[in-house]
Amino acid sequence: MPNALRFWDSEREALIAYRSVGTRRIVLGDPIGSTRAMNRVIEQFVADCRAHKRVPVFYQSKASNLPLYHRLGLQGIKIGEEALINLSGFHTNGKQWLKLRNRLNKFERSGYGFEVLHPPYAEPFLNRLQAVSDEWLRNRNEKSFSVGAFSPEYISRYPVAILTGPDGDCEAFASIAGDHGNFAASPDKGTGAASRRITVDLMRYTKACPHGTMDVLFLSLFKWAQENGFDVCSLGMAPFANAGDSFIVRLLYKYGNKLYNFKGLYDYKNKFLPEWEDVYVVYPPAKLPVSALLLAFIIHTPVSGMQARFGTGPIRLWNRSVFLNKRA
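Quick look at the structure, then. It should be emphasised that the depicted structure is a prediction, and the values quoted were computed from it without experimental measurement. In this numbering scheme, every chain counts its residues from 1 along its sequence in written order. Reporting in this predicted model follows two pLDDT cut-offs: at least 70 for local features of residues, and 80 or more for side-chain atom pairs to be given and counted; totals over whole chains, interfaces and linings ignore these cut-offs and use all residues. Where side-chain values are given, they derive from all heavy atoms of the structure, hydrogens and water being excluded.

### Quick notes on the side chain of Glu81
To keep it simple, the criterion reads: Helix and strand definitions here come from DSSP, where helices need a minimum of 4 consecutive H or I residues and strands a minimum of 2 consecutive E residues; each element is numbered from the N-terminal end. In protein, a polar contact means a hydrogen-donor-capable atom and an acceptor-capable atom, both N or O and within 3.5 Å, with residues adjacent in sequence counting only if both atoms are side-chain atoms; elsewhere, any N or O pair within 3.5 Å suffices.
Mapped onto the elements, Glu81 comes out in strand E6 (residues 75-86). Engagement of the side chain of Glu81 in a polar contact is seen with the side chain of Lys78, the distance being 2.9 Å.

Written out as structure tokens, the structure is:
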């Protein structure tokens, strides 16, 4: 979520990224940070919202935090499922993988190569990514809340997986968000230990790419992630997959399906046989109608339009003195 506001907990061990729209603070996903700080940052964020007469809305939250949200007087509605590749058990053996395996081998024989690069990036490389992105967009507007939006500054924050053509030029890329920094990971459900996780964020390719280019990029990324000790690769959410029939689901589906082809998105991700994890929107019960309308607006408004209306705003901290002391 580019240009997000950030809210830190009192110990600066976890943060919440959000956007302010009217009186709503709309959060993308659950907090980022140490497992022990999750409850604290959520409780402090909700308390800060109430103290400033703001309404908290959590978009794409996971089921594990629902009991806490309920205890704070919020409720959740399922709005889709997230596709998670379990890298420890991932393989392309067997008949069900034959088509994708043949495609990967064909690309390799044709001289395509895969590589993961890390920032800082040289200007010629950023210019090439910009050209690929511009060609992919083809005069369409960027969205910027639940998916990444290309800019040299944004793309320079993350490693980038690239697929190069026979001539060596980058023909497709995907930025890789995840535990490359201090916020290490999410807890493993079985052991309570931290698991290393990456998320495919911004994806672009040229119109000259052969059919199946992104399949090859993803399969190559899964192999790279395995070899580099990652446990999970998220392909992001499939909106409204197995979701119920509620006001907010109907509204988001109405305004988003023409843009995103939700069924096609689910079917594409499902070809990699992911584990599907339920995703929710969490909100105060009495505030649903306006919250749903604003959520639909912020998700589907282009970057330029959102910035023109609301700007980027300052960072808000739960306890500014703690942050300043830790920086000193």
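### Quick notes on helix H3 (residues 98-109)
Note the cut-off: By this rule, a helix spans an expected 1.5 Å times one less than how many residues it contains. Exposure classes here rest on a 1.4 Å probe applied to the protein chains alone. A residue is buried below 20% of its type maximum, exposed above 50%, and partly exposed in between. What the arc measures is the spread of directions leading from the helix axis to the C-beta atoms. Throughout, a contact is declared for two residues whenever any of their heavy atoms are within 4.5 Å.
Between its first and last C-alpha atoms H3 spans 16 Å; for twelve residues at 1.5 Å apiece the expected length is 16 Å, and the two agree. Leu100, Arg103, Leu104 and Phe107 are the residues of H3 that are buried. With its buried residues spanning 100° around the axis, H3 presents them on a single face. Pointing more than 90 degrees away from the buried face of H3 are the exposed residues Lys106 and Arg109. Close packing links the buried residues of H3 with strand E8 (160-164) and helix H6 (213-227). Gly111 lies just past H3 and shows a positive phi near 95°.

### So, the state of the cysteines
What counts here: The disulfide criterion is simple: two cysteine sulfur atoms within 2.5 Å.
One pass over the full model with this rule turns up zero disulfides. Here Cys209 is not cross-linked by a disulfide; its sulfur's nearest cysteine counterpart is in Cys170, at 8.4 Å. Overall, the relative accessible area of 15% leaves Cys209 in the buried class.

### Considerations on the layout of surface pockets
Rules: Only protein atoms enter the 1 Å grid used here. Points where a 1.4 Å probe fits but cannot escape make up a cavity, open sets with protein on both sides within 12 Å along at least five of seven lines make up a pocket, and a residue lines them when an atom lies within 4 Å of a point. Grid points are joined across faces, edges and corners, and a volume is the space filled by probe spheres set on the points. In the scheme used here, Gly and all other residues not listed as nonpolar or charged are polar, with Ala, Val, Leu, Ile, Met, Phe, Trp, Tyr, Cys and Pro taken as nonpolar and Asp, Glu, Lys and Arg as charged.
One number sums up the size of the second largest pocket: a volume of about 330 Å³. Top element by residues in the lining of the second largest pocket is H6. It accounts for seven residues. Taken together, the residues that form the lining of the second largest pocket break down as nine nonpolar, five polar and three charged.

### Looking at the environment of Val160
Summarising the element assignment, Val160 is placed in strand E8. Under the relative-accessibility criterion, Val160 is labelled buried at 0%. Measuring from C-alpha to C-alpha, the distance between Val160 and Ala177 comes to 9.0 Å, with 17 residues separating the pair along the chain.

### Topic: the packing of aromatic side chains
Threshold: Two rings from Phe, Tyr or Trp (for Trp, the six-membered ring) form a pair when their centres are within 6.5 Å of each other. A pair whose planes differ by under 30 degrees is stacked, one over 60 is edge-to-face, and the rest are tilted.
Per the stated rule, a full pass over the model turns up 16 aromatic pairs. Ring centres of Phe90 and Phe222 lie 5.0 Å apart, and the angle between their planes is 75°; on these two criteria the pair is classed as edge-to-face. Placement of Phe90 in the loop between E6 and H3 and of Phe222 in helix H6 is noted, with a sequence separation of 132 residues between them. Given a relative accessible area of 14%, Phe90 falls into the buried group. For Phe222, a relative accessible area of 0% corresponds to the buried category.

### Quick notes on the packing of H3 against H6
Convention followed: For helices, the fitted line uses only the C-alpha atoms of the stretch in contact; every axis is such a line through C-alpha atoms, and the angle between N-to-C directions lies from 0 to 180 degrees. We call two directions roughly parallel when the angle between them is under 35 degrees, roughly antiparallel when it is over 145, roughly perpendicular when it lies between 65 and 115, and oblique otherwise.
It is the contact of H3 with H6, at a shortest axis distance of 9 Å, that shows an interaxial angle of 95°. One finds that H3 runs roughly perpendicular with respect to H6. In contact with Leu100, Arg103, Leu104 and Phe107 of H3, H6 contributes Thr213, Asp215, Val216, Leu219 and Ser220. Per-class residue counts for the contact of H3 with H6 are five nonpolar, two polar and two charged.

### Some words on helix H4 (residues 123-137)
Residues separated by three or four positions in an α-helix point in the same direction, a consequence of the helix having 3.6 residues per turn. With 15 residues, H4 extends 21 Å from end C-alpha to end C-alpha; this agrees with the ideal 21 Å at 1.5 Å per step. All of the buried residues along H4 are Phe125, Leu126, Leu129, Val132, Ser133 and Leu137. When H4 is viewed along its axis, its buried side chains cluster within an angular range of 130° and face the same direction. Exposed residues on H4 whose side chains face more than 90 degrees from its buried face are Glu123 and Pro124. Looking one or two places after H4, you find Arg138, whose phi comes out positive at around 50°.

### A short note on the pattern of salt bridges
Going by this rule: When a carboxyl oxygen of Asp or Glu lies within 4 Å of a side-chain nitrogen of Lys or Arg, that pair is called a salt bridge.
Per the stated rule, a full pass over the model turns up twelve salt bridges. Between Lys78 and Glu81 there is a salt bridge; the shortest N-O distance is 2.9 Å. Each member of the pair, Lys78 as well as Glu81, carries the same accessibility label: buried. As a salt-bridge pair, Lys78 and Asp278 come within 3.0 Å of each other at their nearest N and O atoms. Residue Lys78 is found in strand E6, and its partner Asp278 is found in strand E13 (residues 275-283); the two are separated by 200 residues along the sequence. For Asp278, a relative accessible area of 27% puts it in the partly exposed group. One continuous salt-bridge network, built from bridges that share partners, spans Asp9, Glu13, Arg36 and Arg40.

### With respect to the side chain of Thr164
Positionally, Thr164 belongs in strand E8. If sequence neighbours within four positions are ignored, Thr164 has contacts with Gly111, Tyr112, Gly113, Asp169, Cys170 and Glu171.

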